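For reference, the chains in residue letters:
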Amino acid sequence: MTTLTLSLTLALVASLGLCAWLFVACQRARAAAAAPPPRPAEPDQFKALTDALFQTAAANLDAGIVVVDPSRHVRYLNPQADALLASDQSLSGLSLIALLRDHQADALVAEVLHDGGPRELALKPISSGRTLRLRCTALATGAQITGAMLLINDITQLSMLERARRDLVANVSHELRTPLASLKLLLETVQSAPPPEVAQRMLGQMAHEIDAITQLVDELHELAQIESGRVTLKLAPLPIRPVVERALERIRPQADRKQLVIQAEFAEAATIALMDEGRIGQVLLNLLHNAVKFTGAGGSIVIRTALLDRHAGEPTPTGPWLTVSVSDTGVGIPTQDLPRIFERFYKVDRARTRHAGGTGLGLAIAKHLVEGHGGRLWVDSAEGQGSTFSFTLPVA
Ligand code: ADP
């Protein structure tokens, strides 16, 4: 996108330069020829042409353009700049500071107007919440600086990706540091030749920490595979019931250990959905695993299936969709955490989760898998009142 913008800008500048050169060349040729006298309409026509060229190019450019005079008053602003800066003020007599509402950016333009050197900076207007890159270049007539042009690009997506990359590195090191520190301590204790039963217990704990690291590495690898599109879903029209029942049987031993009542209710037992049964089994198991983990002894877990003709917020039906939901009577999720629950590494309460185990990657993987089927995964929950995770699959 940046390359495109740069090319467009270069093309714009080159076109304007060419036009200016043509204009000067025409003027000179006309002066040299002396006769016949120039037709008076021509320069106006030419100016109209360059104006039209500038307006068209500026209006079709991906970037916002703002042109200011030496006193930093806005002389031109294309619609893209208007939208990017969310300016709701009238252009006439507007000072740059009033438009940008950023002293640093205003000072930068003043420097460009002073010495003619191009400069750039990142801008985060509070009104739009976006990240903008602002490049400022002097406009000069001969040696005299007659104004400045600001080229504004929306780099929100790019900076979010950059932040995600930094967060990933920070999160992975954080997740690894804790089990590695435990391993070191346990190892040192075993090396100090404790009584055999203590050594045995420590070895068990070491195996547990190694399992946690292995799970983290496996899930990270899996997420990377899914996100890079290297996981292909083997979609086939299949009944949901056997998939749910298999997941139930696999989770039952853990549920029994915590004396949790776990059951399934099929509204449409014979519903056939388009799915990769292995992957949907994995999603279900992940949701059930969380339900068991975050529900206290004596609680209950129910899996329900239903038919839906549209997702929440959809104005027209896009279904029918098969909905599968996993409800628990557990700890629930605080309202402020709900929007972030599907982010990689997000855990509601790190201290609690550390004790319970888990990487914070399970829901991110589940969401990708469901969306790969064309469906959605969402949660309804209230702290202390349990949670319901639901996902949809296209009915075959
Ligand atoms: P984890 O491996 O930590 O379980 P997930 O991505 O599966 O990672 O879940 C992210 C976080 O969402 C959990 O750490 C927990 O805080 C919260 N969460 C997930 N499922 C539930 C649930 N059924 N009840 C309460 N909290 C949940």
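Data block above holds the structure.
As the structure is a computational prediction, the values presented were derived from the model and not from experiment. (Residues numbered from 1 in each chain as written. Predicted model: local features only at pLDDT ≥ 70, side-chain atom pairs only at ≥ 80, totals over all residues. Heavy atoms only, no water.)

**Student:** What exactly am I supposed to notice about the site of the ligand here?
**Tutor:** Residues in contact with the ligand amount to 23 residues; listed here are only the nearest, Asn 290, Lys 293, Asp 328, Thr 359 and Leu 363. In the model, an oxygen atom of the ligand is placed 3.1 Å from a nitrogen or oxygen of the Gly 360 main chain. Contacts to the ligand include Leu 363, whose backbone N or O atom sits 2.8 Å from an oxygen atom. Look at the ligand: alone it shows 530 Å² of surface, and the protein chains cover 98% of it. Elements with a minimum of two residues in the shell around the ligand: α9 (277-293), α10 (350-356), α11 (362-372) and β12 (387-394). In terms of residue class, the shell around the ligand is made up of 10 nonpolar, 9 polar and 4 charged. (Near = heavy atom within 4 Å. Polar contact = N/O pair within 3.5 Å; in protein donor to acceptor, adjacent residues only side chain to side chain. Areas by Shrake-Rupley, 256 points an atom, 1.4 Å probe, with all protein chains shown as cover. Helix = DSSP H or I, 4+ residues; strand = E, 2+ residues; numbered from the N terminus. Nonpolar A, V, L, I, M, F, W, Y, C, P; charged D, E, K, R; others polar.)

**Student:** Any chance you could explain the side chain of Thr 392 here in plain terms?
**Tutor:** Topologically, Thr 392 is positioned in strand β12. For Thr 392, a relative accessible area of 0% gives the class buried. Setting aside residues up to four positions removed in sequence, Thr 392 forms contacts with Leu 308, His 311, Trp 321, Leu 322, Thr 323, Val 370, Gly 375, Arg 376 and Trp 378. (Buried < 20%, exposed > 50% of the residue type's maximum accessible area, 1.4 Å probe, protein only. Contact = heavy atoms within 4.5 Å.)

**Student:** Where do I start with helix α6 (residues 156-191) in this structure?
**Tutor:** Owing to its 3.6 residues per turn, the α-helix brings residues three or four apart onto one side. In a regular helix each residue adds 1.5 Å, so 36 residues correspond to 52 Å; α6 covers 52 Å between its end C-alpha atoms and thus fits that length. Where α6 bends most, at Arg 177, the angle is about 25°, and the proline Pro 179 comes one to four residues later. When α6 is considered as a whole, its buried residues turn out to be Thr 156, Val 172, Glu 175, Pro 179, Ser 182, Leu 183 and Leu 186. Just downstream of α6 lies Ala 193, where phi reads positive at about 50°. (Expected span 1.5 Å × (residues − 1). Bend = angle between axes of the 7 residues up to and from the residue.)

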